[in-house]
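Reading the structure
Chain by chain, the residues:
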Amino acid sequence: MPGLLRGIARTAVVAGTATAVSNRVSRRQAGRWAQQDMEAEAAPPPPPPAPAPAAPAAPSMEDRIAQLQQLAQLRDQGVLTEEEFATQKQRLLAG
């Protein structure tokens, strides 16, 4: 019987120690999680990434013709010189 009591006592001590250690680890982990939650709430969220600027669409042939006609009208009215007209025409046709 003394051997049985000693075994039961040893088991009780081991189980009690394991329970105490487990509870301490659980409390420590809960404290760390709470601290991380508070830090996350205190820090402002990062701004969303800016959308990439859309590449300008190449003007269609109709748009280019309309712009050329407007340039020709400006040239005919004397607003643009022949040189300015030629420069703008070249830029329009190259783009």
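Residues numbered from 1 in each chain as written. Predicted model: local features only at pLDDT ≥ 70, side-chain atom pairs only at ≥ 80, totals over all residues. Heavy atoms only, no water.

Structural notes on the overall build of the protein chain
Within the protein chain one finds 3 helices and 0 strands. Each helix (α) and strand (β) of the protein chain, taken in turn from the N terminus, gives the series α-α-α. The globule rule puts the C-alpha radius of gyration for 95 residues at 12 Å, and the 41 Å found for the protein chain is more than 25% above it. Looking at the protein chain as a whole, 6% of its 95 residues qualify as buried. Split by element, the accessible area of the protein chain, about 8300 Å² in all, is 61% carbon and sulfur. Considering the protein chain, the positive charge centre built from 10 side chains and the negative charge centre built from 9 side chains are found 34 Å apart. (Helix = DSSP H or I, 4+ residues; strand = E, 2+ residues; numbered from the N terminus. Rg over C-alpha atoms; globule rule 2.2 N^0.38 Å. Buried < 20%, exposed > 50% of the residue type's maximum accessible area, 1.4 Å probe, protein only. Areas by Shrake-Rupley, 256 points an atom, 1.4 Å probe, with all protein chains shown as cover. Lys, Arg positive; Asp, Glu negative; His and termini not counted. Charge placed at Lys NZ, Arg CZ, Asp CG, Glu CD.)

Quick word on the environment of S26
With respect to the secondary-structure elements, S26 resides in helix α1 (residues 2-42). Residue S26 is classed as partly exposed on the basis of its relative accessible area of 44%. Sequence separation of S26 and T87 is 61 residues, and the distance between their C-alpha atoms is 77 Å.

Overview of a positive patch on the surface
Together, R24, R27, R28 and R32 make up a region of like positive charge exposed at the surface. Locating R32 in the fold gives a position in helix α1. (Patch = residues over 30% accessible without salt bridge, like charges linked within 9 Å, V, L, I, M, F, W, Y side chains within 5 Å. Salt bridge = Lys/Arg side-chain N within 4 Å of Asp/Glu carboxyl O.)

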